[in-house]
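Listed here are the chains, written in short residue letters.
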Amino acid sequence: MLGTFPARDMVRKWLCSGVLDQGHLAPTERGSPQGGVISPLLMNVALHGMEQAAGVRYITTGANAGTVRPGSPVVIRYADDLLAFCHTRQEAEQVKARLAGWLAPRGLVFNEDKTRITHLDDGVDFLGFNARRYRGKLLIKPSKAAIKRIRARLSAEMKALRGANAEAVLQQFNPIIRGWTAYYRIVVSSKAFDALDDHMWKLTYKWAKFRHPHKPKRWIVRRYFGMFHPARRDQWVFGDRDTGAYLLKFAWAKIVRHTMVKGWASPDDPALAEYWAWRRGRKQPPLDRGRWRALIAQHGRCPLCGGLLLHADCEPQTPDEWEQWSTVTRLAIRKHAITTQTGPGTPHDTPTFRLIHTGCQRRLTRSVSTRPATCQQQPSGLA
């Protein structure tokens, strides 16, 4: 039922237009089910203008254009999740009443079981974060529920890997660590990262003891722990002696503060393409230092095909999406060794690296392997 849904005529035509997949048209007669992949988009259409309805006021001119006016409430929304910051309880109740009246014509109501008014000194959880004021200072940290979930997942994954080798452990856990730290690196997460590293150490040591039940502790430590990271003097890094690969640590992630989006800036507005490109360019993606430097030196493009190495119109929005992004990126981009001459008369060449697409590397390898060998003709000895 669309009712008084905004742009309902266009949405109705869109929902009934069918799905085209590999040349086959599948009709859509029932619209979008609850929890469907387009539900967040429909919520964004329905809830567009919520800030104005809540009474949020922005500065429109001057150097502070796009920031909230002093004394105005602040509304943060992600799909159908909403968080409103107000100065008093009375103002919070007024904002809730205004939004309830604004939602009614759209056929929407607040879920009272999940809606509450609380003081900022007590804190509030939102999207895996906890916002709370400590002695007058607002700090945003990973929520206790999020930390509990990641600890439970790490324990379950390690239990499932009993009997596997160290390489399997690294392949399973490094993407999880990259994804979780990429999502929570924008807030006050140092203590949480340290606590998770302590938890991971206990899990890896317990895994090693289970794998070698008759070996002493010193043997296990020498076998699986050491200074595997070449740039860090940390002798308690879990790694594989055979390959030299090692387990990442949560605390190695650099804290990068989030920059607030200005005013009504939307990533779907073509007029603001340069603004969003600037925001993406000023923030380092969760890549290792070597890949990041090569990416900057190559201006983000593959030297073979000239295409972009990273396509990130919008950042991943959850730890699982960051984990998937990290895994796909490492599979799609490969380091390709090339040799550069260091100078005239130098006896040895210096190997350097460049980033190329995995598909470009396959085509390059295929062309080299299928290239016919050139035979040099020997002189016949005749004048």
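Described in the following lines is the structure provided in the data block. Since the model is a prediction, treat every value here as computed from it, not as a measurement.

## Some words on the packing of helix 6 (residues 166-184) against helix 7 (residues 190-211)
Here's step 1: Between helix 6 and helix 7, the least distance of the axes is 13 Å, while the angle of their chain directions is 170 degrees. Classified by the angle their axes make, helix 6 and helix 7 are roughly antiparallel. Contacts between helix 6 and helix 7 pair Ala166, Val169, Phe173, Trp180, Thr181 and Tyr184 from the former with Phe193, Leu196, Met200 and Trp207 from the latter.

## Brief notes about the pairing of strand 3 (residues 74-78)
Here's step 1: Taken together, the five bridges between strand 3 and strand 4 (residues 81-85) define a ladder with antiparallel strand orientation. Paired with Arg77 across the strands is Leu82, a residue of strand 4.
Here's step 2: Two successive antiparallel strands, strand 3 and strand 4, enclose a turn made up of two residues, where Ala79 displays a positive phi of approximately 55 degrees.

## Some details on the sheet that holds strand 7 (residues 137-142)
Here's step 1: Strand order across the open sheet formed by three strands is 5-6-7, with antiparallel pairing between neighbours. Unpaired on one side and paired on the other, strand 5 (124-126) and strand 7 mark the two borders of the sheet. Direction aside, neighbouring strands of the sheet carry axes that sit 25 degrees apart on average.
Here's step 2: With three bridges connecting them, strand 5 and strand 6 (residues 129-134) associate as antiparallel partners. Bridge pairing in strand 6 links Asp125 to Asn130.

## Focus on the environment of Glu157
Here's step 1: Inspection of the secondary structure assignment puts Glu157 in helix 5 (residues 144-160).
Here's step 2: Each C-alpha atom, one on Glu157 and one on Phe173, is 8.1 Å from the other, the two residues being 16 residues apart in sequence.

## Here's the deal with the packing of aromatic side chains
Here's step 1: The final tally for this structure, using the stated rule, is 16 aromatic pairs.
Here's step 2: Centre to centre, the rings of Trp201 and Trp236 are 6.0 Å apart; their planes meet at 75 degrees, and the pair counts as edge-to-face. Taken together, the residues Trp201 in helix 7 and Trp236 in the loop between strand 8 (225-226) and strand 9 (237-238) connect sequence positions 35 residues apart.
Here's step 3: Three or more aromatic residues joined by ring pairs make a cluster, and in this case those are Trp201, Tyr205, Trp207, Tyr224, Phe225, Trp236 and Phe238.
Here's step 4: Taking the ring centre of Tyr224 as reference, the NZ or CZ of Arg223 above it sits at 5.0 Å.

## Description of the pairing of strand 6
Here's step 1: Joining the antiparallel neighbours strand 5 and strand 6 is a turn of two residues, in which Leu127 adopts a positive phi near 55 degrees.
Here's step 2: Where strand 6 lies against strand 7, six bridges are found, and the strand directions are antiparallel. Looking across to strand 7, one finds that Arg133 is bridged to Leu138.

## A closer look at unusual backbone geometry
Glycine aside, a negative phi is what most residues show, and trans is what most peptide bonds show.
Here's step 1: For Leu127, which is not a glycine, the phi torsion comes out positive at approximately 55 degrees.
Here's step 2: Positionally, Leu127 belongs in the loop between strand 5 and strand 6.
Here's step 3: Residue Leu127 is classed as partly exposed on the basis of its relative accessible area of 35%.
Here's step 4: The phi angle at Arg135 is positive, at roughly 50 degrees, despite the residue not being glycine.
Here's step 5: Relative to the helices and strands, Arg135 is located in the loop between strand 6 and strand 7.
Here's step 6: For Arg135, a relative accessible area of 92% puts it in the exposed group.

Rules of the game
- Residues numbered from 1 in each chain as written.
- Predicted model: local features only at pLDDT ≥ 70, side-chain atom pairs only at ≥ 80, totals over all residues.
- Heavy atoms only, no water.
- Axes fitted to C-alpha atoms, helices over the stretch in contact; angles between N-to-C directions.
- Helix = DSSP H or I, 4+ residues; strand = E, 2+ residues; numbered from the N terminus.
- Parallel < 35°, antiparallel > 145°, perpendicular 65-115°, else oblique.
- Contact = heavy atoms within 4.5 Å.
- Pairing = 2+ DSSP bridges.
- Phe/Tyr/Trp six-rings, centres within 6.5 Å; stacked < 30°, edge-to-face > 60°.
- Lys NZ or Arg CZ within 6 Å of the ring centre and 35° of its normal.
- Buried < 20%, exposed > 50% of the residue type's maximum accessible area, 1.4 Å probe, protein only.

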